[in-house]
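So the chains spell out like this:
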Amino acid sequence: MGGDLALLSGTAKSNRSEANSGDWAVPNGGLAVGAARQSSQRWVQLTASRAGDLNPVVVNGAGLTLYRFDKDSNNPPTSNCNGECAQTWPPVTVASNGKIFIAGVKKSAVGTVRRADGALQITIGGWPVYRFAKDTKRGDTLGQGVGGTWFGVTPTGGKAGAPEGGQDNPGTGGVTAPPATSAVFFDDANFSDNGASQGVAVAGDGCQNLARPGVASSVAAPGSLKIWVGPDCTGRSQVINGDIADLATIDFDNAIASVRFS
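These numbers come from a predicted model, not from an experiment.

Q: Sorry, what's going on with the pattern of salt bridges here?
A: Here the idea is simple: oppositely charged side chains can pair when their charged atoms come close. Taken as a whole and judged by the stated rule, the model has seven salt bridges. In this structure, D70 and R68 form a salt bridge, with 3.5 Å as the shortest nitrogen-oxygen distance. Judged by relative accessible area, which is 7%, R68 ranks as buried. Among the residues examined, D70 registers a relative accessible area of 26% and is labelled partly exposed. When salt bridges with common partners are traced through the structure, they connect R68, D70 and K159 into a single cluster.

Set out below in structure tokens:
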């Protein structure tokens, strides 16, 4: 990635991004035009999550599902969706001096490619990524399987929901946030991917045990969830509302073993 583009761990919220900017400029999907388009390119968020039956799949900062196109190429990265195609499948683009926030996606998997119109498009595993204009809310996956060539993109660039896509590793107080459907746990505070972990995504109905219990020091979540110190949602617990940059502040550092999303 060239220019002054910054790749940062965590979420737009945890990095204190401005309201109505980046992915939040088009929270209900569709095309960004005029001032909204310029604002939307200030930052992009890539979060390993769950959407519909797809788990894991990458979503943006507004919770909208991101896709890949079989007629593109990842070696070298090339987009073949232009013109009318790009109206239906808006490419995920970012300004050359913009920011990419990542949670549950390895830095090494993220890149960019220059489109025919000069815009800088995000890639995952070399595959250019897009939204689907008909997806209008979190959890929508209306683009999955369209034409037999469009699929949700996994955190490594694979096809979500397809065998060849593979599987990746799996605020408190005030008014309760809407329930989260996924969360990403990091070994270090401030959503750091230093050391052994690049962030582990957890999603699913009911109680979920962490693949690596007792090591998380921060968590990125797009809503409320309940955390537990014991497996199978046992022992001491607490409801959290969104991102926690340092779990030590709520006495849960290196303590979480399981979570419940609903």
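Further notes follow.
Q: What's the story with the pairing of strand β3 (residues 54-59) in this structure? I'm lost.
A: Two faces belong to every sheet, and in a regular strand the side chains alternate between them. Of all six residues that make up β3, five are buried, and the element is covered over most of its length. Bridge analysis of strand β2 (residues 43-51) against β3 gives four bridges, and the strand direction is antiparallel. Its bridge partner lying in β3, S49 is registered against V57. The turn joining β2 and β3, which pair antiparallel and follow one another in sequence, is formed by two residues; a positive phi near 55° is taken by G52.

Q: Explain the sheet that holds strand β15 (residues 218-220) here, please?
A: Hydrogen bonding along the main chain pairs the strands of a sheet, whether they run parallel or antiparallel. Here we have three strands laid out as an open sheet, ordered β13-β12-β15, and antiparallel in their pairing. If you trace the sheet from one side to the other, it starts and ends with β13 (200-203) and β15, each paired once. For this sheet, the mean angle separating the axes of adjacent strands, direction not counted, is 30°. Relative to β13, strand β12 (residues 182-186) runs antiparallel, the two being bridged by four bridges. Pairing of V184 across the sheet is with A201, part of β13.

Rules of the game
Residues numbered from 1 in each chain as written. Predicted model: local features only at pLDDT ≥ 70, side-chain atom pairs only at ≥ 80, totals over all residues. Heavy atoms only, no water. Salt bridge = Lys/Arg side-chain N within 4 Å of Asp/Glu carboxyl O. Buried < 20%, exposed > 50% of the residue type's maximum accessible area, 1.4 Å probe, protein only. Helix = DSSP H or I, 4+ residues; strand = E, 2+ residues; numbered from the N terminus. Pairing = 2+ DSSP bridges. Axes fitted to C-alpha atoms, helices over the stretch in contact; angles between N-to-C directions.

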